[in-house]
Amino acid sequence: MGTDLHELLRSLRVWDPEVTELPPLDPGAAPADPLALFTTWIAEAAAAGEREPHTMSLATAGEDGQPDSRIVILHDADADGWSFASHSGSRKGRQLAARPYASLTFYWPVLGRQVRLRGPVAAAPPPQAQADLHARSTGALAAALTGRQSEVLGSPAELARASEAAWERARREPDAEVPSWTLYRLRPEEAEFFQGDERRRHTRLRYRRTGDGWTRELLWP
């Protein structure tokens, strides 16, 4: 088994030129604000065929200091921060309550790009969280109404019953509120943009928040 896995990993290609474009990143032409560059990059990832460019890795730590990560969806990004949502009682919700600081990572292999953000996280006011939930699909509301995220599940049948009831209610009450649903915003203190290079001379441009503005600097790859 170990040998098979080793051989498989060695056979995989990184940034296959047949399906990957590695565009340049000119640090001197980069905008002063990371949000502007992020907006351009996610649009270019979508245009290049990245199937889910708005998915991202969310890393948190709990009271014990142990790291945790999972994939979530970006709901918005503006001057208030990069937004995602979850139940307040979920594992990530509890971790953010204990340590309201996190990091986000976007990876767009079709362009050889990634973006890393880290900073404090705050919960938006409940009305904004409910508005965010109701702007999404019926399925998203049904999932939120199912609730009990991260709790131990007794059986698939138990989930099926709860989910079916939640779907029925979501169709019947499209404005149903879910009090535990929380919209979180990460306000980055650092934002790094990584552009891959076929000769491994990768460009790493880091923004660091300084007062009301940003300082830009390059990092060794």
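First things first, this report covers the structure right here in the doc. (Residues numbered from 1 in each chain as written. Predicted model: local features only at pLDDT ≥ 70, side-chain atom pairs only at ≥ 80, totals over all residues. Heavy atoms only, no water.)

**Overview of the side chain of D132**
Assignment of secondary structure puts D132 in helix α4 (residues 126-134). Despite its burial, D132 remains without a salt bridge, the nearest opposite charge being carried by R136 at 5.3 Å. Within polar-contact distance, the side chain of D132 engages the side chain of H75 at 2.9 Å. (Helix = DSSP H or I, 4+ residues; strand = E, 2+ residues; numbered from the N terminus. Buried < 20%, exposed > 50% of the residue type's maximum accessible area, 1.4 Å probe, protein only. Lys, Arg positive; Asp, Glu negative; His and termini not counted. Salt bridge = Lys/Arg side-chain N within 4 Å of Asp/Glu carboxyl O. Polar contact = N/O pair within 3.5 Å; in protein donor to acceptor, adjacent residues only side chain to side chain.)

**Regarding the pattern of salt bridges**
Counted by the stated rule, this structure contains 13 salt bridges. Across the pair R91 and D68 runs a salt bridge, and its minimum N-O distance is 3.0 Å. Of the two residues, R91 is situated in helix α3 (residues 91-98) and D68 in strand β2 (residues 67-73); the sequence distance between them amounts to 23 residues. A relative accessible area of 19% places D68 in the buried class.

**Quick look at the nonpolar core**
The biggest cluster of nonpolar side chains holds 30 residues, and the ones touching the most others in it are F38, F84 and F106. Broken down by secondary-structure element, the contributors of at least two residues to this core are α2 (34-47), β1 (55-61), β4 (81-87), β5 (101-108), β6 (113-123), β7 (181-186), β8 (190-195) and β9 (203-210). When residues of this core are assigned to their parent elements, the largest contribution, six residues, is made by α2. Excluding anything up to four places from it in sequence, F84 contacts M56, L58, V72, I73, H75, L96, L104, V121, T182, L183 and Y184. Counting 14 residues, the second largest nonpolar core, distinct from the first, contains A85, A124, L141 and A142. (Core = buried A, V, L, I, M, F, W, Y, C linked by side-chain atoms within 4.5 Å. Contact = heavy atoms within 4.5 Å.)

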